Amino acid sequence: MTDAALTTLLDQMDADIASYLEACVHCGECAEACHFYLATKDPKYTPTWKLQPLVRAYRRHKAPLRGIRGMFGLLPPEVTEDDLRDWEELVYDSCTMCGRCTLVCPMGIDIAGTIRKMREAYAAADIAPDGLKQARENVEKTSSPMGVTAKALLAQVRHQEEETGLKIPVDREGADYMAIFSSHEIMASPEIIGAYARIFDRAGLSWTISTKAYEATNVGVQIGSAPLAKKLVRRVVDEAERLGVKYVVSPECGHAYGAIRWAGPNLLGRSFGFEVIHIIELLDRLRAEGKLPVGDKDGRRMTLHDPCQIVRRGGLLKEPRNLLEGACSNFVEMKGAGIANLCCGGGGGVSANPRAEELMIAAFGEKLKQIDEIGGIEAVVVPCANCRGVFEDGLFEHDRDEDLEVISLGQLVADRLAGDAPPKPSE
Amino acid sequence: MATVPNRRATDEDGMIFMRRVLTLLALLLWAGGAPAQNATAPDTAAGGARATTLEDILARQKNRLKGTTQRLPDALREIEGRPVPLPDGDAGVPQLGTLGGASDPDLWRALKSGAQATPSSSTARGQLMQVLGEDWRLVRRQYLLRYGGYVLLGMAAIIVLFRLIRGKIAIRGGRSGRTIPRFSLSHRIAHWFLASVFILMGLSGLIILFGRPLLVEFLGRDLLVGRMGMDPSVIDTLKSVNSVLLSASLQGHNLFGPVFVLAWAIMVVRFMKGNFFQWADAKWILKGGGLLGGHASSHHYNFGEKTWYWMVVLIGLGMCATGLFLLFPMLSQTLVYHQAATLLHAIGAVLLIAVAMGHAYVGSIGMEGSIDSMLRGEVDENWAKEHHDLWYEEVTGKKADHANDPGGAEAQAEGAA
Amino acid sequence: MTVLQFLEGPMFYAAFAIFAVGAIWRVAGIVRLGRKPDLAPPKGSAAAGWFKGNLRHFVPRGLFAERTWMHLLGGYAFHLGLFVLLVFAAPHIAFFERFTGLSWTALPRWGFILAAEFAFAGLIVLWVRRFSDPVMRQISDRDDHAGSWLTFLVMLTGCLALEEAHDALRALHMGLVNLWLIYFPFSRLMHAFTFALARGATGAVYGRKGMNP
């Protein structure tokens, strides 16, 4: 194995990781929580099995009493580069770091978080899927994994100003809120920018979009590179502090929220001069303060997908439900909704990895089954841009894109504001 | 087979054999049909099968024992008006004095005629000591041990012979590499749960049944001392070893008994579906199960498996019932039920163990691809086509071709023509 | 000195010392690796999360329990049964009293036997699942089987010695107990202690996020 990989792997091992690796009794429960296993029934997708190289490195180099085990020849062999390559598919293609396995684990082992640490070693040794490597290159060139430039952003902003008839402040110093977006949102559904404009306008808040830090997607977290993740977080933090905003609004994007809210201060080694708030959190706060009066409710039969990084691993469980209660009249929960909800199948960099597409679509099949179990659902609210992308691909592949609409929560709230006629959908 | 104590063959053997068999039958019939025997006066002639032959004694004892209670010490006190030394507590067993005690001929005559008493290891009040115990003991030693042993050794011999003649049954045409699911995880767990407990119960049970005759009589008395001329003290050593094994086995057997009942019940429920006999089974029998060549069609389970299932269900039920009865002797007031239960329990066990040996052989090393169904839950398609073609067709919706059968290719060609 | 005296005397002291020192060493070794302080502003208490995480994972979520109920029943039966028979069986209490002078109320014999039945049924189900489920076959290693078998044999010899009439049976049980104690700190049996660390670590992280899965 490359020294970089082994050193990085060993560097990741703190007391938490050690506890996890020590406590696993190989009970196999985690397989039942993993959508990749459920979709394929292939035992290699058992979550704890995905940690195998890390377990071996730990046993050989870090575990207490390893000296005595070694005397009896019970130490596992050194992890080789070939081992890492053998496990690459399991570590990148078949784990969305959704953390559902932690819920079923009798030992409460955070396998998702541990996979995240394993990816550090992979990134250090440059063993990663081409799709993620490409995204990393894009980020290094244009600061956005999809190559969204500031010019492209401004074009979308201007277009949304026309659509909504509202001024969208750009690079405004002293604003209270600075909104950042996922590249998927800017490129594929820019109307969300218009929705923000209408919401901030109605609530009477001062906000801005920065042309230096508009990208929330953090490829560093997906590929598992702390230095890159740090660089991307720093860009947002520096800009927010330069503009002197009080809040950075994290968009409807799963890992982006965790990257800046929970990992950010640890990556930078300091706390921020502003508060990170998720758009759903903000919307719910405004709703509670009565600043977002609802007009006509959406009458379609709707359900809510819980994005893993926002709900299970982000802690925003009640907020989206409060908002939906106000905005639609025929809301139904799916079985297992909330903290234990199934992942869409494409988080954690899987959707950015073309090699994994077939597996992702199969895993999405489990999600679709869950939605179909309720019956008669016309629209599903998906408060995560990446999940929405997976839903759209998945519904298309399963030939269901005609009968199930995928909508953003922010969009839904903006559309249901009292007295606001929703703008015509843009072509 | 030296499960029988050394005994010279005499002309009376035939007579004794008949008498024992009749006794055994009487025991079983009695346990099955006779009303529970109450601890009442001896003249109720509860001796059943032997009451007629002992009528004279009965008549004599009737007067003598009149007015006594049925517990042994009291009866003894009355008999001959002789005081009998009693052990500490209320165990009710007289010590053997110089004049004899428990072996008093009158007492035995009384018991033979149906008088009742509390035996030494009484576990329940009011249990009988009766003369049938001696017959029970001899039936157990002379017939059960001998023929039980024959059945088990015979089965082992059949398996070895079958292996030598037929060899390992390979999948015709080899493995296809494609598998189809056969047993769900719950089926597998139910199966292995019962199998594990069965092995524990079987081993401990065999030690209880055969431990002493094999270890002390056969190994010790016959082989080591009798043939090899070792010092007779080796027999005492073997007796101690046997007593340790017996204590362990008995405790283990008793403790695992209820677990067996649970495992058995789960298995019965889980495997009932598909185990009812079907028309295809008749044809399967006619073709000898395909063991003799040719192809015998079957559904999910073949006739042999179904028979095994129902054996486990019915004999297993008997084992559970008699076993629980032996475990909780206070369930009955009558010792004869316990004697019958031990015999039935042992007969059932020998049958189940014998068939289980064959089942385990065919299910593992005897037939290629069988173990997969219980280890992984999946079987090879060619295995399924060969052994359970009708099930294969149900599951896959495909026609099971028999191209791999001996003569199958020609038959197919004919069919096509 | 008889074999039994040796197994219950010097050998037992040695085995117990290895068990205690090894287990403490291993737990301390894990904790000693330490963790960096979390700088993200918390939404809730990490300490409360640590305890909540520990309690929460004692009980399965209904959603998953539907899928793996056999395994859950087996797990509960084994662990609860083993706990009860280890701590409340009269012979065990007598044994503990010999070394510590402490004594407490024993279960009646039938209660102790019942606990053993549960423990055996559970352990057998767990082990049987381990070799008949493709997932379990994939992830199990020698340690898993060794731990299961050793524990089973300790329990089995214990139950074989129930009559308490033969020193040989008691010695067999004690010998395996000693072996089990020595094996314990080097094996996955350590989960009896490390479970709290793992659950606590996750619980604390989630506690800081103001939620608890």
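Conventions used here
- Residues numbered from 1 in each chain as written.
- Chains lettered and ligands numbered in written order.
- Predicted model: local features only at pLDDT ≥ 70, side-chain atom pairs only at ≥ 80, totals over all residues.
- Heavy atoms only, no water.
- Helix = DSSP H or I, 4+ residues; strand = E, 2+ residues; numbered from the N terminus.
- Rg over C-alpha atoms; globule rule 2.2 N^0.38 Å.
- Buried < 20%, exposed > 50% of the residue type's maximum accessible area, 1.4 Å probe, protein only.
- Contact = heavy atoms within 4.5 Å.
- Lys, Arg positive; Asp, Glu negative; His and termini not counted.
- Charge placed at Lys NZ, Arg CZ, Asp CG, Glu CD.
- Polar contact = N/O pair within 3.5 Å; in protein donor to acceptor, adjacent residues only side chain to side chain.
- Buried area = accessible area lost by both parts, 1.4 Å probe.
- Salt bridge = Lys/Arg side-chain N within 4 Å of Asp/Glu carboxyl O.
- Nonpolar A, V, L, I, M, F, W, Y, C, P; charged D, E, K, R; others polar.
- UniProt positions renumbered as here; feature names shortened; annotations may be inferred.
- Axes fitted to C-alpha atoms, helices over the stretch in contact; angles between N-to-C directions.
- Parallel < 35°, antiparallel > 145°, perpendicular 65-115°, else oblique.
- Left-handed = near helix turned anticlockwise from the far one by under 90°.
- Domains from an automatic or database assignment.
- Pairing = 2+ DSSP bridges.
- Phe/Tyr/Trp six-rings, centres within 6.5 Å; stacked < 30°, edge-to-face > 60°.
- Lys NZ or Arg CZ within 6 Å of the ring centre and 35° of its normal.

An unreviewed UniProt entry annotates chain C as Nitrate reductase gamma subunit of Jhaorihella thermophila.

Looking at an unreviewed UniProt entry, one finds chain A named Fe-S oxidoreductase, with Jhaorihella thermophila as its source organism.

## Regarding the overall build of chain A
Counting its regular elements, chain A contains 20 helices and eight strands. Over its C-alpha atoms chain A spans a radius of gyration of 22 Å, differing by no more than 12% from the 22 Å that the globule rule assigns to 427 residues. Residues classed as buried in chain A amount to 63% of the 427 residues present. Taking the contacts inside chain A whose residues are at least 6 apart along the sequence as the reference set, 82% of them involve residues at least 24 apart. Where the 50 positive side-chain charges of chain A centre and where its 63 negative ones centre are 5 Å apart.

## Section: unusual backbone geometry
All names here are of chain A. Despite not being glycine, His26 has its phi angle at roughly 55°, a positive value. Inspection of the secondary structure assignment puts His26 in the loop between helix H2 (15-23) and helix H3 (35-40). With relative accessibility at 10%, the residue His26 sits in the buried group. A positive phi angle is found at Asp171, which is not glycine, with a value near 55°.

## Focus on the side chain of Glu8 of chain C
Residue and element names in this part refer to chain C. Following the sequence through the fold, Glu8 ends up in helix H1 (residues 3-8). Overall, Glu8 belongs to the buried group, its relative accessible area being 7%. At 2.4 Å, the side chain of Glu8 and the side chain of Arg170 are in polar contact. Sequence-distant contacts of Glu8, defined by excluding residues within four places in its chain, comprise Phe95, Arg98, Phe99, Arg170 and Met174.

## Remarks on the interface of chain C and chain B
At the junction of the two partners, chain C supplies 26 residues and chain B supplies 24 residues. Buried surface at the junction of chain C and chain B, both sides included, amounts to about 2,200 Å², of which 76% is carbon and sulfur. The three residues of chain C that bury the most area against chain B are Met70, Glu117 and Ser132 of chain C, which together make up 22% of that side's buried surface. Remark: the boundary between chain C and chain B carries zero salt bridges. At the boundary of chain C and chain B, one finds four residue pairs in polar contact (both at pLDDT 80 or more). For the side of chain C that touches chain B, the elements supplying multiple residues, two or more each, are helix H7 (109-132), helix H8 (134-139), helix H9 (142-160) and helix H10 (167-183) of chain C. At 13 residues, the largest contribution of residues to the side of chain C that touches chain B is made by H7 of chain C. Of the residues that constitute the side of chain C that touches chain B, the class distribution is 18 nonpolar, two polar and six charged.

## A look at the UniProt feature "transmembrane region" (unreviewed entry) in chain C
All names here are of chain C. Following the UniProt record, one finds the feature "transmembrane region" (unreviewed entry) at residues 12-33, 69-90 and 110-128. Annotated as residues 69-90, this span is 95% helix and 0% strand, and its ends, taken at the C-alpha atoms, are 32 Å apart. Within the segment residues 110-128, helix and strand shares are 100% and 0% respectively, and the terminal C-alpha atoms sit 27 Å apart.

## Description of the packing of helix H10 (residues 150-164) of chain A against helix H12 (residues 191-203) of chain A
All names here are of chain A. Two numbers describe how H10 lies on H12: the axes approach to 9 Å, and their chain directions differ by 55°. In terms of their interaxial angle, H10 and H12 are classed as oblique. Where H10 crosses over H12, the handedness of that crossing is right-handed. Contacts from Leu153, Gln156, Val157, Gln160 and Thr164 in H10 reach Glu191, Ile193, Gly194 and Arg198 in H12.

## A few points about the interface of chain A and chain C
Taken together, the contact between chain A and chain C spans 62 residues of the former and 52 residues of the latter. Both sides of the chain A and chain C interface together cover about 4,900 Å² of buried area, and 61% of this is carbon and sulfur. Its largest share of buried area at the contact with chain C, chain A owes to His26, Leu65 and Trp262 of chain A, together 13% of the area lost on that side. Put simply, chain A and chain C have seven salt bridges between them. Linking Glu29 of chain A and Arg129 of chain C is a salt bridge whose minimum nitrogen-to-oxygen distance equals 3.9 Å.

## Quick notes on the environment of Ile235 of chain B
Residues and elements named next belong to chain B. Looking at the secondary structure, you find Ile235 in helix H7 (residues 233-271). Classification of Ile235 by relative accessible area gives buried; the value is 7%. In this view, Ile235 contacts Val216, Gly220, Arg221 and Val225; residues no more than four positions away in its chain are not counted.

## Here we look at the domain arrangement of chain A
Residues and elements named next belong to chain A. Examined at the domain level, chain A breaks down into domain 1 (3-127), domain 2 (142-286) and domain 3 (293-415). In this structure, domain 1 and domain 3 have C-alpha centres spaced 29 Å apart. Contacts between domain 1 and domain 3 engage 22 residues on the former and 22 residues on the latter. Summed over both sides, the interface between domain 1 and domain 3 buries roughly 1,600 Å², with carbon and sulfur atoms accounting for 59% of that surface.

## A short note on the packing of helix H2 (residues 10-32) of chain C against helix H11 (residues 191-208) of chain C
Angle between the axes and distance between the axes: these two values describe a pair of packed helices. Residues and elements named next belong to chain C. Contact pair H2 / H11: the axes reach a minimum separation of 11 Å and the direction vectors enclose 20°. Here H2 is positioned roughly parallel relative to H11, judged by the angle of their axes. Both H2 and H11 take part in a crossing whose hand is right-handed. Each of Phe19, Ala23, Val27, Ile30 and Val31 in H2 lies in contact with H11, whose residues at this interface are Phe193, Thr194 and Leu197.

## Describing the sheet that holds strand E5 (residues 298-304) of chain A
Residue and element names in this part refer to chain A. Spatially, the four strands line up as an open sheet ordered E6-E5-E7-E8, and their pairing is parallel. Of all strands in the sheet, those bounded by a partner on one side alone are strand E6 (328-331) and strand E8 (405-407). The mean inter-strand angle of the sheet, taken between neighbouring strand axes irrespective of direction, is 45°. One ladder, built from three bridges, connects E5 with E6; its direction is parallel. Counterpart to Arg301 in the pairing with E6 is Asn330. The strands touched by helix H17 (residues 318-327) are E5, E6 and strand E7 (379-381); relative to E6, the strand with the most contacts, the crossing angle is about 115°.

## A short note on the packing of aromatic side chains
Under the counting rule described, the total for this entry stands at 39 aromatic pairs over all chains. Centre to centre, the rings of Trp49 of chain A and Trp87 of chain A are 5.5 Å apart; their planes meet at 50°, and the pair counts as tilted. In this pair, Trp49 of chain A is assigned in the loop between H3 and helix H4 (52-61) and Trp87 of chain A in helix H6 (residues 81-93), connecting sequence segments 38 residues apart. We note that Trp49 of chain A, like Trp87 of chain A, is buried. Three or more aromatic residues link up through ring pairs in this structure, and these residues are Phe12, Tyr13, Phe16, Phe19, Phe95, Phe99, Trp180, Phe184 and Phe193 of chain C. Directly above the ring of Trp262 of chain A sits Arg261 of chain A, whose terminal nitrogen or CZ lies 4.0 Å from the centroid. Over the ring of Phe58 of chain C we find Arg199 of chain C, and its NZ or CZ is 4.3 Å from the ring centre.

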